[in-house]
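Spelled out, the chains give:
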Amino acid sequence: MKFKTLDRRVIYLFVFLALSWPLLKGFSIKPARMKSADKFYEIVDQTKSEPNKFAFISFDFGPSTKAENGPQAEVVVEHLMRRRVPVVLFTQYIQADPFLKSIPLKIKAALEAEMPGQKWIYGKDWINLGFRPGSGLLIQSIPKSTNLADLFGVDAFSTPLKEFALFKKPKTLKNISLLGQFTGLVGLFDSYVQFFQTTDYKPVFGHGCTSITIPEAYIYLDSGQLQGLQEGIAGAAWYSKRLTDAYPNRKPDNAILINTGLGIAHLLLIFLIILGNITGLISRSKGG
Amino acid sequence: MNWKARLLATLTFLGGLYYFLDFVLPAKLPDSLGGYEFGKYNQEISRGFIAIGSVAFALGLINIFYIHGARIIFRKKGFLNSIALLISLVAMVIFTTNEWLAFEQVNKYAENIRNIAAYSRQIQSDLKEKKESTRSPNARIELLIAETEKIIKDSEASLSEAKSDLPHIVRDGLIQNIKLVSKENNLLKIKNESEVAAPIKPLDSVATALIKLSGDRQQLEEYLYKSSTTKALYDFVYDGLFVPLGAAMFSLLGFYIISAGYRAFRIRSIESGLMMIAAVIVMLGQIPFYIYVSEVLPDLRLWLLEYPSAAAFRAIKFGAAIAGLYMAIRMWFSIETSSFAEDNSGKAGANK
């Protein structure tokens, strides 16, 4: 009955191998279809590139959930930038601030390498508002604002928003065609569900959550308060696959690789649960 | 109830009343009711919250130094951990503050150029509208010319500081725009000296050239900032240590969950059996390998999440919301015991 007293370090070693092997070898498998991520893809794909309209994307995640929320945010921002929908990036979580700078630059470099001759320019294709404190109160101020440029004032680099073509004329909530929010923090997500709307207008809302908060996000998807959802890394991987199908020249990202590793780890977990139950059953039948 | 408790209860009630009214009443009351605009001061109130939050951070810092400082001085158990904590804390504060100051400097130059451009446009607009100013228009233009010359010299000096690996697109743009600003400024100088009336048109050209220069200057300063030691040190502590450590802390969960799954997830009853079946379906339904088991697994998973799980979570959410409402009412009316509440002996600060 060696399995009964299996050293946890052996289990840790197996988990480590399961997660790292696909990353090191570049081994990936087609992700499972996620209908909620399909819905997210569709709402982004239907967002038109119109003058005076933009997508408002909030990165409310830090290093701890970057592995899940990072790829989710990347695929959505990439999709919007491909479709030339201006993106306004924002965060209420101080630790996300560096990602607001690095993620769009990474996407810009990938897109410009894929499509030589085309340029994605800061101020036109995306604007970074940076970290803004104020939490729920700030979210409540957005629908009430008669000019978002006055509410936010400057971007993350202290450039007055009114200097950007997008904010030359007053912009309100009605100019936001799509709201995207990525977080593992349920409290922050709830404040968008409650307050990011007026009595006569509500932007289309897509959310990226961590695996732990999936069950909670589903109640909003079912009620229609959310129009799209990316469930953990599995959602990001399926979204990434849809993007690759639509843009065949696109280089694969890490989402599918990480998802494959996580899939192997899940298989290991299922195997260990079954093994644990068999050993437990044998032990009980022997009166152990 | 002592006066402190009464004061706190009154302030709490008024604060709660404001937000209650802000939520239920229209954004602007009808003129017959005073026409008050709710939410008008939300930004100021939000700044107040930030200020109070900052005070809480400062108190937290003092507390950390007090507790861990004492542990180090008296060499109590775990004092080495306390040393590591305080060194990390001080180092992070120094690196982050330095980075913040350097980044502020990056924007300062471009902002200064934009301010001069705005000044040029202001003179132009005042001249068109024939507005009076404390200085004569020609004197204001002379001041503008002098400031623009300073910007040109400063930009040339910064450009010469930049190493040869400065992207040529930035270098070329900056050289071109320095020349453009210099040309427009000289033109303005000549017109201002030769004409009796202050020139209007060249003011616009100077402002436009300055705005162009501000963009290039920002890029140059960003380049200088990115190649600075301050930025390298910040990247080392933030991207090199903080981000991976944060991710590692969270990823440990995965290791523990799998180990716990093996040790604790045992079928001992019908309920635990159902739970295991549901867990296995949800896990298999979202991983790429479901295809080797059954193609219906993703749909089964979806059904589990959309029906039984969503129903249970709704019930939990409703329960939590009602409990939250109950707590909010208790806090709003100060029914909860506070730090200033009196105990039976009449002493303030005791918990009931």
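A. Inspection of the overall build of chain A at higher detail. Of regular secondary structure, chain A possesses ten helices and six strands. By principal-axis analysis of the C-alpha atoms, chain A measures approximately 80 × 45 × 30 Å. Within chain A, the fraction of its 288 residues that count as buried is 58%. Counting contacts in chain A only where the partners sit at least 6 residues apart, residues at least 24 apart contribute 76% of the total. On chain A, the mean spot of the 34 positive side-chain charges and the mean spot of the 23 negative ones are 4 Å from each other.

B. Structural view of the pattern of salt bridges. A complete count under the given rule lists 30 salt bridges over all chains for this structure. In this structure, lysine 317 of chain B and aspartate 190 of chain A form a salt bridge, with 3.0 Å as the shortest nitrogen-oxygen distance. Of this pair, lysine 317 of chain B sits in helix H9 (residues 297-332) while aspartate 190 of chain A sits in helix H7 (residues 186-195), which puts the two residues in different chains. We classify aspartate 190 of chain A as buried; its relative accessible area is 14%. A salt bridge links glutamate 147 of chain B to lysine 150 of chain B; the nearest nitrogen and oxygen atoms lie 3.3 Å apart. With glutamate 147 of chain B and lysine 150 of chain B both in helix H4 (residues 137-161) and three residues apart, this pair spans about one turn of that helix. Shared partners join several salt bridges into a network, and the residues in it are Glu78, Arg82, Glu114, Arg250 and Asp253 of chain A.

C. How the structure looks around the domain arrangement of chain A. Residues and elements named next belong to chain A. If you check the domain split of chain A, you get domain 1 (1-28 + 256-288) and domain 2 (32-251). Taking only C-alpha atoms, the centre of domain 1 and the centre of domain 2 are 36 Å apart. The partner domain 2 presents six residues to the four residues of domain 1 that form the contact. In this assembly, domain 1 packs against domain 2 so that about 430 Å² is buried in total across both faces, 74% of it on carbon and sulfur atoms. Considering only the side of domain 1, the residues that lose the most area to domain 2 are Ile256, Ile258 and Asn259, jointly responsible for 88% of the buried surface there. Counting the contacts that link domain 1 with domain 2 gives zero salt bridges. On inspection of domain 1 and its partner domain 2, the count reaches zero residue pairs in polar contact (both at pLDDT 80 or more). Among the residues making up the side of domain 1 that touches domain 2, the classes are represented as three nonpolar, one polar and no charged.

D. Quick look at the packing of aromatic side chains. This structure, assessed with the given rule, holds 30 aromatic pairs over all chains. With a centroid separation of 5.3 Å and an interplanar angle of 80 degrees, the aromatic rings of phenylalanine 189 of chain A and tyrosine 220 of chain A are classed as edge-to-face. Of this pair, phenylalanine 189 of chain A sits in helix H7 while tyrosine 220 of chain A sits in helix H8 (residues 214-223), placing them 31 residues apart in sequence. In terms of burial, phenylalanine 189 of chain A and tyrosine 220 of chain A fall into one category: buried. Between phenylalanine 20 of chain B and tryptophan 332 of chain B, the aromatic rings sit 5.6 Å apart at their centres with planes inclined by 40 degrees, giving tilted as the arrangement. Of this pair, phenylalanine 20 of chain B sits in helix H1 (residues 3-24) while tryptophan 332 of chain B sits in helix H9, and the two are 312 residues apart along the sequence. Relative accessible area serves as the criterion here: at 44%, phenylalanine 20 of chain B is assigned to the partly exposed category.

E. Representation of unusual backbone geometry in the model. The backbone of arginine 84 of chain A sits at a positive phi, close to 60 degrees, despite the residue not being glycine. Tracing the chain through its elements places arginine 84 of chain A in the loop between helix H3 (66-82) and strand E2 (87-91). A positive phi angle, close to 55 degrees, is found at serine 334 of chain B, a residue other than glycine. By secondary structure assignment, the location of serine 334 of chain B is in the segment after H9.

F. Molecular detail of the nonpolar core. All names here are of chain A. Membership of the largest hydrophobic core comes to 38 residues, with the highest contact counts inside it found for Phe56, Ile142, Phe152, Phe167 and Phe196. The greatest single-element share of this core, amounting to six residues, is contributed by H8. Contacts of phenylalanine 56, omitting those with residues within four sequence positions, involve Val88, Phe90, Leu129, Ile142, Phe152, Ile176, Leu178, Leu179, Gly180 and Phe196. In terms of nonpolar packing, the next biggest core, distinct from the first, is built from 29 residues, Val76, Leu89, Trp126 and Tyr239 among them.

G. Inspection of the side chain of glutamate 99 of chain B at higher detail. Here glutamate 99 of chain B is to be found in helix H3 (residues 79-129). Despite its burial, glutamate 99 of chain B pairs with no opposite charge; the closest candidate is lysine 231 of chain B, at 4.9 Å N-O.

H. Geometry of helix H8 (residues 270-286) of chain B. End to end, H8 of chain B covers 25 Å across 17 residues, agreeing with the expected 24 Å (1.5 Å per residue, within 8%). For H8 of chain B, every residue scored as buried is listed here: Ser272, Gly273, Met276, Val280, Ile281, Met283, Leu284, Gly285 and Gln286 of chain B.

I. Structural view of a nonpolar patch on the surface. Residues and elements named next belong to chain B. A cluster of nonpolar side chains, Phe13, Leu14, Leu325, Ile329, Phe333 and Ile335, forms an exposed patch at the surface whose accessible area comes to about 560 Å². Those elements that provide at least two residues to the nonpolar patch are H1 and H9. Within the fold, phenylalanine 13 resides in helix H1.

J. Examining the packing of helix H9 (residues 232-246) of chain A against helix H10 (residues 254-285) of chain A more closely. Residues and elements named next belong to chain A. Interhelical geometry of H9 versus H10 gives an angle of 135 degrees and a closest axis separation of 8 Å. Here H9 is positioned oblique relative to H10, judged by the angle of their axes. H9 and H10 meet at a crossing whose hand is left-handed. Judged by residue contacts, Ile233, Ala234, Ala236, Ala237, Ser240 and Lys241 of H9 engage Ala255, Ile256, Ile258, Asn259 and Leu262 from H10. Looking at side-chain class alone, the contact of H9 with H10 contains eight nonpolar, two polar and one charged residues.

Calculation criteria
- Residues numbered from 1 in each chain as written.
- Chains lettered and ligands numbered in written order.
- Predicted model: local features only at pLDDT ≥ 70, side-chain atom pairs only at ≥ 80, totals over all residues.
- Heavy atoms only, no water.
- Helix = DSSP H or I, 4+ residues; strand = E, 2+ residues; numbered from the N terminus.
- Buried < 20%, exposed > 50% of the residue type's maximum accessible area, 1.4 Å probe, protein only.
- Contact = heavy atoms within 4.5 Å.
- Lys, Arg positive; Asp, Glu negative; His and termini not counted.
- Charge placed at Lys NZ, Arg CZ, Asp CG, Glu CD.
- Salt bridge = Lys/Arg side-chain N within 4 Å of Asp/Glu carboxyl O.
- Domains from an automatic or database assignment.
- Buried area = accessible area lost by both parts, 1.4 Å probe.
- Polar contact = N/O pair within 3.5 Å; in protein donor to acceptor, adjacent residues only side chain to side chain.
- Nonpolar A, V, L, I, M, F, W, Y, C, P; charged D, E, K, R; others polar.
- Phe/Tyr/Trp six-rings, centres within 6.5 Å; stacked < 30°, edge-to-face > 60°.
- Core = buried A, V, L, I, M, F, W, Y, C linked by side-chain atoms within 4.5 Å.
- Expected span 1.5 Å × (residues − 1).
- Patch = residues over 30% accessible without salt bridge, like charges linked within 9 Å, V, L, I, M, F, W, Y side chains within 5 Å.
- Areas by Shrake-Rupley, 256 points an atom, 1.4 Å probe, with all protein chains shown as cover.
- Axes fitted to C-alpha atoms, helices over the stretch in contact; angles between N-to-C directions.
- Parallel < 35°, antiparallel > 145°, perpendicular 65-115°, else oblique.
- Left-handed = near helix turned anticlockwise from the far one by under 90°.

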